[in-house]
Amino acid sequence: QVELAESGGGSVHVGGSLRLSCVASAPMFMGWFRQVPGKEREFVAGHSHNGGAAYYARSVRGRFTISRDNSKNTVYLQMNDLKPEDTAVYFCVARRGFSVQYSLPTSYVNWGQGTQVTVSS
């Protein structure tokens, strides 16, 4: 089991920005999901450990940027131009190696505790 420590999140107005961080106890493919009450967890973004490939959900492409610092086993999610529909609990995830099913929550056994992001109009 890999430990994940999230930080960041909070409340902003529409058009604002926030940055989430997540530290893993080992080098892994890492990413973010989000969830609102009554809905399934939704893939947001992912980043490979090797090669630098990044993956995004269509709903956040162009507004969110995922990056990582491999020396710190840390992944960042910079969220710009936030919208009310981005309001959710955001979860950091990690898995050993890349999977073509990276956008499915069942592909991950390692989850962070979640951090709330609230965007108000």
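Below or above, wherever it landed, is the structure these notes cover.

Conventions we followed
Residues numbered from 1 in each chain as written. Predicted model: local features only at pLDDT ≥ 70, side-chain atom pairs only at ≥ 80, totals over all residues. Heavy atoms only, no water. Helix = DSSP H or I, 4+ residues; strand = E, 2+ residues; numbered from the N terminus. Rg over C-alpha atoms; globule rule 2.2 N^0.38 Å. Buried < 20%, exposed > 50% of the residue type's maximum accessible area, 1.4 Å probe, protein only. Pairing = 2+ DSSP bridges. Axes fitted to C-alpha atoms, helices over the stretch in contact; angles between N-to-C directions. Phe/Tyr/Trp six-rings, centres within 6.5 Å; stacked < 30°, edge-to-face > 60°. Core = buried A, V, L, I, M, F, W, Y, C linked by side-chain atoms within 4.5 Å. Disulfide = S-S within 2.5 Å. Lys, Arg positive; Asp, Glu negative; His and termini not counted. Salt bridge = Lys/Arg side-chain N within 4 Å of Asp/Glu carboxyl O. Polar contact = N/O pair within 3.5 Å; in protein donor to acceptor, adjacent residues only side chain to side chain. Contact = heavy atoms within 4.5 Å.

### What to know about the overall build of the chain
Link 1 in the chain: Helices and strands together make up the secondary structure of the chain, namely 0 helices and 11 strands.
Link 2 in the chain: On C-alpha atoms alone, the chain measures out to a radius of gyration of 13 Å, which is about the 14 Å that the 2.2 N^0.38 rule sets for 121 residues.
Link 3 in the chain: Overall, the chain is about 40 × 30 × 25 Å in size when its C-alpha atoms are taken along their principal axes.
Link 4 in the chain: Taken over 121 residues, the chain has a buried fraction of 47%.

### Regarding the sheet that holds strand S7 (residues 64-69)
By way of backbone hydrogen bonds, the strands of a sheet pair with one another, either parallel or antiparallel.
Link 1 in the chain: The strand order across the open sheet built from 4 strands is S1-S3-S8-S7, with neighbouring strands paired in antiparallel fashion. The outermost strands of the open sheet, each flanked by one partner alone, are strand S1 (4-8) and S7. The sheet shows a mean angle of 15° between the axes of neighbouring strands, taken without regard to direction.
Link 2 in the chain: Of the strand pairs in this sheet, strand S3 (residues 18-24) and strand S8 (residues 74-79) are connected by 6 bridges, and their pairing is antiparallel. Within S8, the residue paired with Arg19 across the bridge is Gln78.

### Things to note about the packing of aromatic side chains
Between two aromatic rings, the relevant description is the distance of the centres plus the angle of the planes.
Link 1 in the chain: Under the defined criterion, the tally for this structure stands at 12 aromatic pairs.
Link 2 in the chain: Their ring planes at 40° and their centres at 5.8 Å tell us that Phe98 and Tyr102 sit as a pair that is tilted.
Link 3 in the chain: Taking the relative accessible area as the measure of exposure, Phe98 reaches 44% and is therefore partly exposed.
Link 4 in the chain: An aromatic cluster of at least three residues, connected via ring pairs, comprises Phe29, Phe33, Phe43, Tyr55, Phe91, Phe98, Tyr102, Tyr108 and Trp111.

### Details of the nonpolar core
Link 1 in the chain: By size, the foremost hydrophobic cluster in this structure holds 35 residues, and its most contacted members are Trp32, Leu77, Met79 and Tyr90.
Link 2 in the chain: At the level of secondary structure, the elements contributing two or more residues to this core comprise S3, strand S4 (29-35), strand S5 (42-47), strand S6 (54-56), S7, S8, strand S9 (88-95) and strand S11 (115-120).
Link 3 in the chain: In terms of residue count, S9 provides more of this core than any other element does, 5 residues in total.

### Some points on the state of the cysteines
The bond known as a disulfide is covalent and runs between the sulfur atoms of two cysteines.
Link 1 in the chain: If you walk through the whole model with that rule in mind, you get 1 disulfide.
Link 2 in the chain: Bridging Cys22 to Cys92, the disulfide has an S-S length of 2.0 Å. Residues Cys22 and Cys92 share a disulfide whose torsion about the S-S bond is about -85°; that sign makes it left-handed. Of this pair, Cys22 sits in strand S3 while Cys92 is found in strand S9, placing the two residues 70 residues apart along the sequence. For the pair shown, Cys22 and Cys92 are each scored as buried.

### Thoughts on the side chain of Glu6
Link 1 in the chain: Inspection of the secondary structure puts Glu6 in strand S1.
Link 2 in the chain: No salt bridge is formed by the buried Glu6; the nearest opposite charge belongs to Arg41, separated by 8.5 Å.
Link 3 in the chain: A distance of 2.7 Å separates a polar side-chain atom of Glu6 from the backbone nitrogen of Gly114.
Link 4 in the chain: Those residues in contact with Glu6 that lie beyond four places of it in its chain are Ser21, Cys22, Trp32, Tyr90, Phe91, Cys92, Gly112, Gln113, Gly114 and Thr115.

### A closer look at the environment of Asn50
Link 1 in the chain: Looking at the element boundaries, Asn50 is found in the loop between S5 and S6.
Link 2 in the chain: Between the C-alpha atom of Asn50 and that of Gly97, which follows or precedes it by 47 residues, the distance is 9.0 Å.

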